[in-house]
Amino acid sequence: MLNDDQIGLLLQSARAVQSRAVAPYSQYKVGAALMAATGRIYTGMNIENATYSAVHAENLALYVALMTGETEFLGLVVVTNDANMPYPCGSCRQELSHHCKPDFGIIGANLTQRREQKTLGELLPDLFGADNLKT
Ligand code: THU
Ligand code: ZN
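Basis of the calculations
Residues numbered from 1 in each chain as written. Chains lettered and ligands numbered in written order. Predicted model: local features only at pLDDT ≥ 70, side-chain atom pairs only at ≥ 80, totals over all residues. Heavy atoms only, no water. Helix = DSSP H or I, 4+ residues; strand = E, 2+ residues; numbered from the N terminus. Rg over C-alpha atoms; globule rule 2.2 N^0.38 Å. Buried < 20%, exposed > 50% of the residue type's maximum accessible area, 1.4 Å probe, protein only. Contact = heavy atoms within 4.5 Å. Lys, Arg positive; Asp, Glu negative; His and termini not counted. Charge placed at Lys NZ, Arg CZ, Asp CG, Glu CD. Pairing = 2+ DSSP bridges. Patch = residues over 30% accessible without salt bridge, like charges linked within 9 Å, V, L, I, M, F, W, Y side chains within 5 Å. Areas by Shrake-Rupley, 256 points an atom, 1.4 Å probe, with all protein chains shown as cover. Salt bridge = Lys/Arg side-chain N within 4 Å of Asp/Glu carboxyl O. Near = heavy atom within 4 Å. Polar contact = N/O pair within 3.5 Å; in protein donor to acceptor, adjacent residues only side chain to side chain.

Colleague: In this structure, what is going on with the overall build of the protein? I would like to understand it.
Modeller: Check the secondary structure of the protein and you find 4 helices and 7 strands. Helices (α) and strands (β) of the protein occur, in sequence order from the N terminus, as α-β-β-β-β-α-β-α-β-β-α. On C-alpha atoms alone, the protein measures out to a radius of gyration of 14 Å, which is about the 14 Å that the 2.2 N^0.38 rule sets for 135 residues. For the C-alpha atoms alone, the extent of the protein along its principal axes is close to 45 × 40 × 30 Å. Within the protein, the fraction of its 135 residues that count as buried is 43%. Contacts in the protein between residues far apart in sequence, at least 24 positions, make up 62% of those at least 6 positions apart. Mean positive and mean negative side-chain charge positions of the protein (10 and 13 charges, respectively) differ by 5 Å.

In C-alpha cells form, the structure reads like this:
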C-alpha cells in the first residue's frame, strides 16, 4: 500500500510521463508510475504500433524497474484523460501479480482527480499464479 506522500509523488510522475504516450490509433494516452520498496519511482506510457498492438504503460514501468534490479514494489498510479479513471487491465494485473504481493496498492487517476487506492489482491482475487504450476 502507498501513503499520501508516496501517492502525491506517483501522481506527479504518472501525469508527466502520460504526455509521452504514443497512441496514434486509440488516442488513449496512459501514464504509469510505480514505486519500488527502495522508494525509487519508475515510469512508463503506452506505446502503440501499426499492428494495433501496444505496450501497456504499467508493464513498461514494471519492466524498467525489473531491468534496473528492483525486486519489491509498494504500488502504482495509472493516469488517463478519462473520467472513469480505470485501474490497470486484466493482463497488467496478471503481470504485476508475478512480482508484487497482494497488498500492492493501485490507484486510477486522471489529470485532476484520483480514485481510492485498492490492493492487487482486491483487483485480482483467486489469481492463477506460480503456485498453480507446482506439482
Ligand atoms: N492501455 C494501457 O496502457 N494500460 C492498460 O492497462 C489498458 C490499456 C493502453 C493500450 C492502448 O494503447 C490503449 O490504452 C487503449 O487500449
Ligand atoms: Zn494493461
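After that view of the structure, there is still more to cover.
Colleague: Is there a simple way to think about the pairing of strand β6 (residues 105–109) in this case?
Modeller: Working note: regular strand, side chains alternate between the two faces of the sheet. The buried count for β6 comes to 5 of 5 residues, which makes it a mostly enclosed element. Burial along β6 is two-sided: the residues Gly105, Ile107 and Ala109 and Ile106 and Gly108 are all buried. Where strand β5 (residues 73–79) and β6 come together, 5 bridges link them in parallel fashion. In the strand pairing of β6, Val77 is matched with Ile107.

Colleague: Even after reading the chapter, I still don't get a nonpolar patch on the surface, so can you show me in this structure?
Modeller: A surface patch of nonpolar side chains, amounting to about 180 Å² of accessible area, comprises Val22, Ile47 and Val55. By the element assignment, Ile47 lies in strand β3 (residues 47–48). Judged by relative accessible area, which is 32%, Ile47 ranks as partly exposed.

Colleague: Mind showing me how you'd approach the site of ligand 1 here?
Modeller: Every residue close to ligand 1 is listed here: Ser26, Tyr28, Val30, Asn46, Glu48, Ala54, His56, Ala57, Glu58, Pro88, Cys89 and Cys92. Contact distances for ligand 1 include 2.9 Å between an oxygen atom and a side-chain N or O atom of Asn46. The separation between an oxygen atom of ligand 1 and a polar main-chain atom of Cys89 is 3.0 Å. For ligand 1, whose unbound accessible area comes to 380 Å², protein coverage reaches 78%.

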